[in-house]
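# An overview of the molecular structure
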Amino acid sequence: MEGKVKYMIVAAEEMFNFVVRCAQKAGARKSHAESLAELLVAADTRGHFSHGLNRLNMYVRDLQSNTTSSKDDPKVLKETPGTALVDGCNVLGPVVGKFCIDLAIKKAKEIGIGWVCATGSNHFGIAGWYTIRAANEGLLGMAFTNTSPLMVPTRGQRPALGTNPISVAAPANENDSFVLDMATTTVALGKVEINKRKDMDIPEGWGVDGEGKVTTDPKDVLADGGLLPLGGVEETGGYKGYGLALMTEVFCGILAGSNYGPNIRSWKSNSTAANLGQCFVALDPGAFAPGFTDRMSDIMASLRGMTPVEGQPSVMVPGDPERSHEEKCKSLGGIPYHPNQIEYAKILAKKLGIEDVKVKGES
Ligand SMILES: NC(=O)c1ccc[n+]([C@@H]2O[C@H](COP(=O)([O-])OP(=O)(O)OC[C@H]3O[C@@H](n4cnc5c(N)ncnc54)[C@H](O)[C@@H]3O)[C@@H](O)[C@H]2O)c1
């Protein structure tokens with residue numbers, strides 16, 4: 001029973017060091033391993049466990065098979081005062097993403113806006129990590145990435161676009177912020193996998209079978225089906241999620257000249273480099289009307305202060321669920337992992353022949 005599970009608490013610093021050990025053993029340089037660790041720990045601390053420790057295996061696999069490299073550092077191929085095209089040199093996605101958002105931030109501070117696209121990149125984890133970096137500097141941040149084909153476009157039969165996440169962050173007063181960070185499919189594939197493990201159907205609107213027909217059987221989706229765009233089928237507005245995923249692709253693979261849409265390798269394969277396209281934007285609100293953060297705080301306070309529908313907890317703004325998970329981690333003195341995840345970390349440590357992760361307690 002889920003309610004009886006005892007969660008294992010790992011200090012964020014300990015998990016950071018564990019990820020660094022794994023990535024270095026798999027072939028990453030120390031600075032690259034540290035960027036990956038920073039990102040994965042942030043994902044778990046924000047409660048997006050599907051994109052934290054859970055994904056470490058994938059990065060390790062790609063490093064070990066040399067489909068992700070750690071040889072070079074990202075480099076600027078082309079530049080104007082407000083834009084840049086970056087070659088990610090096929091290194092870990094978080095290394096490319098950090099390089100790009102920091103360049104966008106520098107440009108925004110100089111001239112008001114920085115729009116940076118990357119080609120030759122890899123899986124960059126949670127999109128919000130990059131936009132929060134801009135918001136922490138008093139800027140608006142945006143981040144986008146294309147991903148392996150999983151989404152079946154409205155009226156289509158086969159997956160042709162990825163789960164292509166979008167994040168937009170905007171600073172408010174007193175360290176508050178709006179942080180929208182979402183996939184453009186109704187759910188991530190991980191949620192379908194969890195239902196299959198629990199032998200449970202999936203709701204209509206999550207996925208389709210190999211012929212593009214809506215299914216409630218998670219096995220159909222995982223065998224050779226796909227995910228529906230945000231909004232579900234055509235009747236419930238799924239074409240809007242499809243449109244957002246394609247917009248993301250315009251900003252990523254199409255602008256950057258990387259792989260795009262159905263040309264990206266399957267999520268099940270690592271026989272070639274992913275060559276993903278990504279996009280990072282920073283914008284100085286000071287270039288527009290004064291009082292930006294005051295208005296941000298005002299609108300968020302009015303939304304949070306609304307009377308919720310009977311029986312529901314209070315209204316939130318995007319970023320609030322992750323913020324409250326961060327607070328939970330703070331009060332626990334670490335990240336609460338499901339025991340299966342700690343078991344997974346132990347297996348990985350054994351496989352790599354490195355020191356195991358230390359659990360500091362249970363909750
Ligand atoms: N790199 C990749 O390939 C990839 C692909 C897909 C998703 N992702 C990442 O996976 C993570 C999870 O994505 P997701 O779509 O499952 O996120 P989600 O559905 O959990 O949350 C989406 C957004 O909705 C907000 N939200 C949630 N409940 C809310 C409520 N009641 N009121 C107001 N706002 C609310 C959250 O703060 C968040 O901004 C994201 O960090 C995303 O970047 C990465």
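The rules we used
- Residues numbered from 1 in each chain as written.
- Predicted model: local features only at pLDDT ≥ 70, side-chain atom pairs only at ≥ 80, totals over all residues.
- Helix = DSSP H or I, 4+ residues; strand = E, 2+ residues; numbered from the N terminus.
- Rg over C-alpha atoms; globule rule 2.2 N^0.38 Å.
- Buried ≥ 20, exposed ≤ 12 C-beta atoms within 10 Å, placed from the backbone.
- Contact = placed C-beta atoms within 7 Å.
- Near = placed C-beta within 6 Å.
- Nonpolar A, V, L, I, M, F, W, Y, C, P; charged D, E, K, R; others polar.
- Pairing = 2+ DSSP bridges.
- Axes fitted to C-alpha atoms, helices over the stretch in contact; angles between N-to-C directions.

## Some remarks on the overall build of the protein
- Helix and strand counts for the protein stand at 11 helices and 13 strands.
- Computed over the C-alpha atoms, the radius of gyration of the protein is 20 Å, within 12% of the 21 Å expected from 2.2 N^0.38 for a compact globule of 363 residues.
- Its C-alpha atoms give the protein principal-axis dimensions of roughly 55 × 55 × 45 Å.
- For the protein, with 363 residues in total, the buried portion stands at 47%.
- The contacts of the protein with a sequence gap of at least 6 include a subset with a gap of at least 24, amounting to 63%.

## Quick word on the site of the ligand
- Close contacts around the ligand come from 25 residues, with Ile126, Ala127, Pro165, Met182 and Ala183 the closest.
- Elements that contribute at least two residues to the shell around the ligand include exactly strand S7 (177–182) and helix H10 (320–332).
- Looking at which element gives the most residues to the shell around the ligand, the answer is S7, with four residues.
- Taken together, the residues of the shell around the ligand sort by class into 13 nonpolar, 10 polar and two charged.

## Side note on the sheet that holds strand S4 (residues 113–121)
- The sheet built from seven strands is open, its strands ordered S2-S3-S4-S11-S5-S6-S7 with mixed pairing. Two strands lie at the open edges of the sheet, namely strand S2 (75–79) and S7, each paired on one side alone. This sheet shows a mean twist of 15 degrees between the axes of neighbouring strands, independent of strand direction.
- Here strand S5 (residues 140–145) pairs with strand S11 (residues 276–283) via six bridges, running antiparallel. Across the sheet, the residue bridging to leucine 140 is leucine 283, located in S11.
- Each of S5, strand S6 (166–171), S7 and S11 is contacted by helix H5 (residues 128–135), which is oriented at about 20 degrees to S6, the strand it contacts most.

Note that every value here comes from positions in space, so none of it alone points to a role or purpose.
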